[in-house]
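The primary structure of each chain is shown beneath.
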Amino acid sequence: MLNNNCGHEQPVQCIPLRASFFGSCKSEAHPIDEFLCSPEISIRLRLINAASGIPFRFWIDQHNLTIVARDSIEIASISMSLVHIAFGQRLDLIVDCNQDLSVNYTIFVASRNSYQPSLNNIGATPPINKSHSIEHDKLDSNDLFFEYKYLKPFKPRVAPAAIRRITLASEVRWNNRTGIDALEEWSVNGITFEPPNEPLLLANVFDGTFKHCVAYQRAGRVNNKHVTHIQHLEYGQTYEVLMINYDSQLHPWHLHGYSVEFTAVGKIPNLKSAKCNQTQKDVRPFNYNTVLLPLNSTLPVLSVGDSFTVPSESYVVFRFTANNPGPWFLHCHMEWHIWPGMALVFSVERNGRYDGLIQSPTTSFSTCGRRTKISYQSSRLLLSNSHKTEL
Ligand SMILES: [Cu+2]
């Protein structure tokens, strides 16, 4: 576990994880980092969870933490002694330096689901002062809906009506054909994401179409297909996105180019037990129209952000107005979930094109790869030309 890049090779701040990943903890490996907090002032800490696969808890002995921003957007401030931070998320905290100057206080960062405080204290630290307990500390310390329940907008706001709901159901399929469970295919709406052959932005600007740049479609092994998954959105319109996670693990999603307004979250209704190679989609199809309000209604906003958790076998709903043109990646923040296909693109267009929404580059615009400054040809044309040359 790393704190400001310290602790990996010499993991003094380490809390034991699986030995095969990080090795054992060495509490004397190097001095503990110290942050100076001058008396009677307040400091603003920006926490960034840059881990690839762990949601964290963060706290400082005997100090209340006041969260004032999520993903760089101001929220209604909330004070608590322990905060949760999802993958990729940024939280701004105010810490008041109002404790005994003769004591060093320990900053803790721990994984959310497996931490046992009594086993992991480093050196002597003062006991938690119970008088500092506050109402919000009654929250379930493993509450995976933390960000939606507690990180509320700075001022109450409503999400506008939407013209269309985009349902994105993600699954991972396993098989036990070889006698052991093996990863089969990841998909969103049955589509396993394949990167385009060249940047979608340039291809559409120069060609006026995505036809030549998307990956060639091929069939997957569990009734899925591999292709560049693009959801086409019309510039200026408001959309509602329903993300359903049929998987038994949480996934931290990130949308580029936008901050979105979260309007509903919950466990998939009426869960039923599934066999090892089944998901809730197989055993309990559910009509979300029965729990979600109509698209033409405005909705109170729970939270606003761009990096968010979709807990296991749960759903998250958000709305946003497509006012930032271009192709924007929506992907799981775990890198090793992206390449097996847990990603897609929101393409904000007008009549299928970026032309008129994004200023076209000049003919001297530098591009990478096989394109030149002088002329642009789609990769398919370039490939066919190069084949001709070789022939
Ligand atoms: Cu994932």
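Everything discussed here concerns the structure shown above.
**A closer look at helix H4 (residues 200–207)**
Taken together, the buried positions of H4 are occupied by Leu200, Leu202, Ala203, Asn204 and Val205. Its buried side turned inward, H4 meets strand S14 (230–234), strand S22 (326–332) and strand S23 (343–349). Directly after H4, the chain includes Gly208, whose backbone phi takes a positive value near 75°.

**Thoughts on the coordination of the copper ion**
Donor atoms from the polypeptide that coordinate the copper ion comprise His251 (ND1), Cys332 (SG) and His337 (ND1), at 2.0 to 2.1 Å from the metal. When its relative accessible area of 0% is taken as the criterion, Cys332 is described as buried. On the basis of relative accessible area, His337 is assigned to the buried category, the value being 2%.

**Some details on the state of the cysteines**
A covalent bond between the sulfur atoms of two cysteines is what we call a disulfide. If you walk through the whole model with that rule in mind, you get one disulfide. Put simply, Cys37 and Cys97 are joined by a disulfide, and their sulfur atoms are 1.6 Å apart. Torsion about the S-S bond of the Cys37 and Cys97 cystine: about -70°, corresponding to left-handed handedness. Within this pair, whereas Cys37 is found in the loop between helix H1 (19–22) and strand S1 (42–48), its partner Cys97 is found in the loop between strand S6 (90–96) and strand S7 (107–111), the two being separated by 60 residues in sequence.

**Some details on the sheet that holds strand S20 (residues 307–310)**
Taken in spatial order, the five strands line up as S14-S23-S22-S16-S20 in an open sheet, and their pairing is mixed. Each of the sheet's edge strands pairs with one partner strand only, and the pair in question is S14 and S20. The mean angle between the axes of side-by-side strands here comes to 25°, regardless of whether they run parallel or antiparallel. In this sheet, S23 lies alongside S14 in parallel orientation, the contact comprising five bridges. The partner of Ile230 across the bridge, within S23, is Val345.

**Comments concerning empty space enclosed by the protein**
Applying the stated criterion across every chain yields a total of one cavity of 30 Å³ or more. Volume-wise, the largest cavity comes out at about 30 Å³. Breaking the lining of the largest cavity down by element, the ones donating at least two residues are strand S4 (73–80) and strand S19 (303–305). In terms of residues, the lining of the largest cavity owes the most to one element, S4, which gives three residues. Along the lines of polarity and charge, the residues of the lining of the largest cavity split into five nonpolar, one polar and three charged.

Conventions adopted
Going along each chain's sequence as written, the residues are numbered from 1 onward. For a predicted model such as this one, the threshold for reporting local features is a pLDDT of at least 70, and the threshold for listing and counting side-chain atom pairs is 80 or more; totals across whole chains, interfaces and linings nevertheless cover every residue. The side-chain numbers reported here are obtained from all heavy atoms of the structure, hydrogens and water having been left aside. When a residue's accessible area, from a 1.4 Å probe over protein chains only, is under 20% of the maximum for its type it is buried; when over 50% it is exposed; and in between it is partly exposed. Here a helix means four or more residues in a row that DSSP labels H or I, a strand means two or more in a row labelled E, and each is numbered from the N terminus. Contact between two residues is taken to exist if any of their heavy atoms lie within 4.5 Å; hydrogens are not considered. Listed donors are limited to N, O and S atoms within 2.8 Å of the metal, widened to 3.2 Å for Na, K and Ca; water is not among them, so incomplete-looking sites are possible. What counts as a disulfide here is a pair of cysteine sulfur atoms lying within 2.5 Å. Strand pairing is defined by DSSP finding a minimum of two bridges between the two strands. Helix axes are fitted to C-alpha atoms over the stretch in contact, other axes to C-alpha atoms as well, and angles between N-to-C directions run from 0 to 180 degrees. Lining residues are those with an atom within 4 Å of a point, where the points come from a 1 Å grid over the protein atoms alone and group into cavities, where a 1.4 Å probe fits but cannot get out, or pockets, open sets with protein on both sides within 12 Å along at least five of seven lines. Grid points are joined across faces, edges and corners, and a volume is the space filled by probe spheres set on the points. Nonpolar residues are Ala, Val, Leu, Ile, Met, Phe, Trp, Tyr, Cys and Pro. Charged residues are Asp, Glu, Lys and Arg, and all others, Gly as well, are polar.

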